[in-house]
Amino acid sequence: MSLNINLEPFQLTISRAEQILLRSAPDPRAATLTETSSGIQVDLGNASFSIIPTPSGFKLDFSGESQIAFELIGHWFGHGELLNQRLPLERLMLPLSPFETFDNGPAGQSCKLTPAWYSSTGVLIMADTPLSVGINQPPKDYPRYEWSLGDEKGPFSERPFADDENLGDGLITFQGKDLVLNISFADDALSAFQQLIDKVGHPSKTPPAELFSKPTWTTWARYKTEVSQDVVMRFADEIIANDYPYGVLEIDDRWQKHYGDIAFDLERFPNPKEMIAILHEKGFKVTAWIIPFFDPDSRAFAEGAARNYLVRTQQGEPYLVSWWQGEGGLLDVTNPSALTWFLESLSKLQVESGLDGYKFDAGEACFLPPDALTYAPIHPNQYTNLYVDFISQHFSLMEVRSGWFNQQAPIFFRQWDKATSWGADNGLHSVLTGILALGITGYPFILPDMVGGNAYEAEPDAELMIRWTQLNALLPAMQFSLAPWDYGEECTALCREYAALHTKFAPRMVEIAQESTQTGAPIIRPIWWLDAHDEQALLCDDEFLLGDDLLVAPVLQPAARTRDIYLPAGVWRDYWSDEMYKGGRTLSAYPAPLGKLPIFLRE
């Protein structure tokens, strides 16, 4: 490994043999260097930083407000969940923005982030301090569009970012106060991933097997807030009548009268204990939706405020934070007594009603105001970490949607609400790119969002429902809300067939999940997992591996009845026809009629 520093203009280059691994963008300022006992001090006039050797690379330790950018050499992965989920990351345009977990962030940041980025050349960059990040930033005059549900243009691109164009600056940029970047070097993306897992850890056990084996059914997309005991019972009966597999039935928003009161609204749910008992008899487990917000009119708000269990203003009053259903108090997750109080309420409801678990929502940094007071001072991202860590210790039949260094939690992390559309800009394609992106940042247990999306601004058609179900069939978990039987007989039959396929492959998924608890490897893997030097595999974002031996090539485009399929090296057998194919090549226009999900087994 060689380190070269050009003084004027300043540029840092790190090479291995003749290969450049990492090179900073030229800085017009002239640099002066000073050797210190720990490394090299770089002085750029109005800024300075230290380059400190480490066993695996270098640490860059900046003083004051600083910024450094590196060229996007090779193909890049990491970062976490984005609304416009592109893989590899050089296909992405992300304006410089705070790297904080966000609910529908203005620059496309989303709920589960990890400050780690690694390349196909084996570079791994991890940030130890709060920062802002930009990737392939667009020119200042490039049209930007605020993302909204149903908007096919995506968060910040006028059109899809094609492989053969570079509309951005070609850099990954880091900015922050007293910024610290740890840079290490491995052989390729796969070994860089393993270095990442060595640092962040991995789950030591799996979620309950039943969450893998049977689809979850949730009330949200179909009914939104119009839920009641009658609605839930009719929904359960429809699922059974249409002969679909089922496991958990999830009662989403508005089962409570006031947000924060962990009790059923008895006007909507006059006898929740009886309802849940009947659902148990029918074979369902039952969960309810929970958020860390408290309606000012709720009993819990008054109690939490009196005990200082809520995040406070500088004046000591409960901070009314804005969230998607209005304003409310926010649970102070830094206060152990507040967490115990929260847990006692959740446990009491389970005893009284028979609930089997919970769907935990929110928890992102964006909901903690920068001027808020907490029992113990934290950076907003730590709110996410503490919230998820606490609930994962006490519940197993559950899910969350946010994450910050929570890779060790043995729970399912749900994707952010998907739009009812086809694209990688939060539509069907982003279900796959999202689960891949999270898997290769250390989250193996991902619950894809609901089949067909959330139907906020558009309803799916039968084709979208079928293709969405096919993609979900061989993902670790499956979640329905929109009812396939509302979209015609063909949709009903084909979605049922692929829901059944999911249950058929569930034992294999559980086996791979157990492997993940030993190695940290994702359950759903990019196809470059088999050969991290295969250039075509590194660029592939529309196929995936279930483990190492099963390749899936879902149809992600409307009206498509064929698709090109790249098979990595080896011999592959078509799951449906048993026809054999030699890998290391593309099967052009491979048949994929509406009823078929292309699947290949590695011999």
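Before any of the text, the structure's been laid out above.
Nothing here was measured: the structure is a model prediction, and the numbers come from that model.

Peer 1: Before we go on, may I ask you to explain the overall build of the protein in this structure?
Peer 2: A count of helical and extended segments in the protein gives 12 helices and 35 strands. For 603 residues, the compact-globule estimate of 2.2 N^0.38 gives 25 Å, and the protein sits close to it at 25 Å. When its C-alpha atoms are laid out on the principal axes, the protein stretches across 75 × 70 × 45 Å. Counting across all 603 residues of the protein, residues that qualify as buried make up 63%. Taking as baseline every contact in the protein between residues at least 6 positions apart, the subset at least 24 positions apart corresponds to 69%. Surface summary for the protein: the accessible area is close to 22,200 Å², and the carbon and sulfur share equals 49%.

Peer 1: Please clarify how the environment of Arg-573 should be interpreted in this entry.
Peer 2: Assignment of secondary structure puts Arg-573 in strand 32 (residues 571–574). C-alpha separation for the pair Arg-573 and Arg-602, spaced 29 residues apart in sequence, amounts to 6.4 Å. For Arg-573, the residues in contact, after removing those within four places along its chain, are Asp-578, Glu-579, Met-580, Ile-599, Phe-600, Leu-601 and Glu-603. Only 2.9 Å separates the side chain of Arg-573 from the side chain of Glu-603, close enough to count as a polar contact.

Peer 1: Quick question: what am I supposed to make of the packing of aromatic side chains here?
Peer 2: Any pair of aromatic rings gets described here by the distance separating the centres and the angle formed by the planes. If you walk through the whole model with that rule in mind, you get 46 aromatic pairs. The interplanar angle of 90° and the centroid separation of 5.7 Å between the aromatic rings of Trp-217 and Tyr-244 together place this pair among those described as edge-to-face. Separated by 27 residues along the polypeptide, Trp-217 in strand 16 (residues 216–218) and Tyr-244 in the loop between helix 4 (229–241) and strand 17 (248–251) bring together distant segments of the chain. Through a chain of ring-to-ring contacts, three or more aromatic side chains come together here, namely Phe-70, Phe-99, Trp-117, Phe-174, Trp-404 and Phe-405. A cation sits over an aromatic face here: Lys-224 above Trp-220, 6.0 Å from the ring centre.

Peer 1: What is the right way to look at the state of the cysteines in this model?
Peer 2: Note on terminology: disulfide describes a covalent bond linking the sulfur atoms of two cysteines. Considering all chains together, one arrives at zero disulfides under this definition. Summary of cysteine pairing: Cys-491 is not part of a disulfide, and the nearest cysteine sulfur, belonging to Cys-495, is at 3.8 Å. What makes Cys-491 buried here is its relative accessible area of 1%.

Calculation notes
Residues numbered from 1 in each chain as written. Predicted model: local features only at pLDDT ≥ 70, side-chain atom pairs only at ≥ 80, totals over all residues. Heavy atoms only, no water. Helix = DSSP H or I, 4+ residues; strand = E, 2+ residues; numbered from the N terminus. Rg over C-alpha atoms; globule rule 2.2 N^0.38 Å. Buried < 20%, exposed > 50% of the residue type's maximum accessible area, 1.4 Å probe, protein only. Contact = heavy atoms within 4.5 Å. Areas by Shrake-Rupley, 256 points an atom, 1.4 Å probe, with all protein chains shown as cover. Polar contact = N/O pair within 3.5 Å; in protein donor to acceptor, adjacent residues only side chain to side chain. Phe/Tyr/Trp six-rings, centres within 6.5 Å; stacked < 30°, edge-to-face > 60°. Lys NZ or Arg CZ within 6 Å of the ring centre and 35° of its normal. Disulfide = S-S within 2.5 Å.

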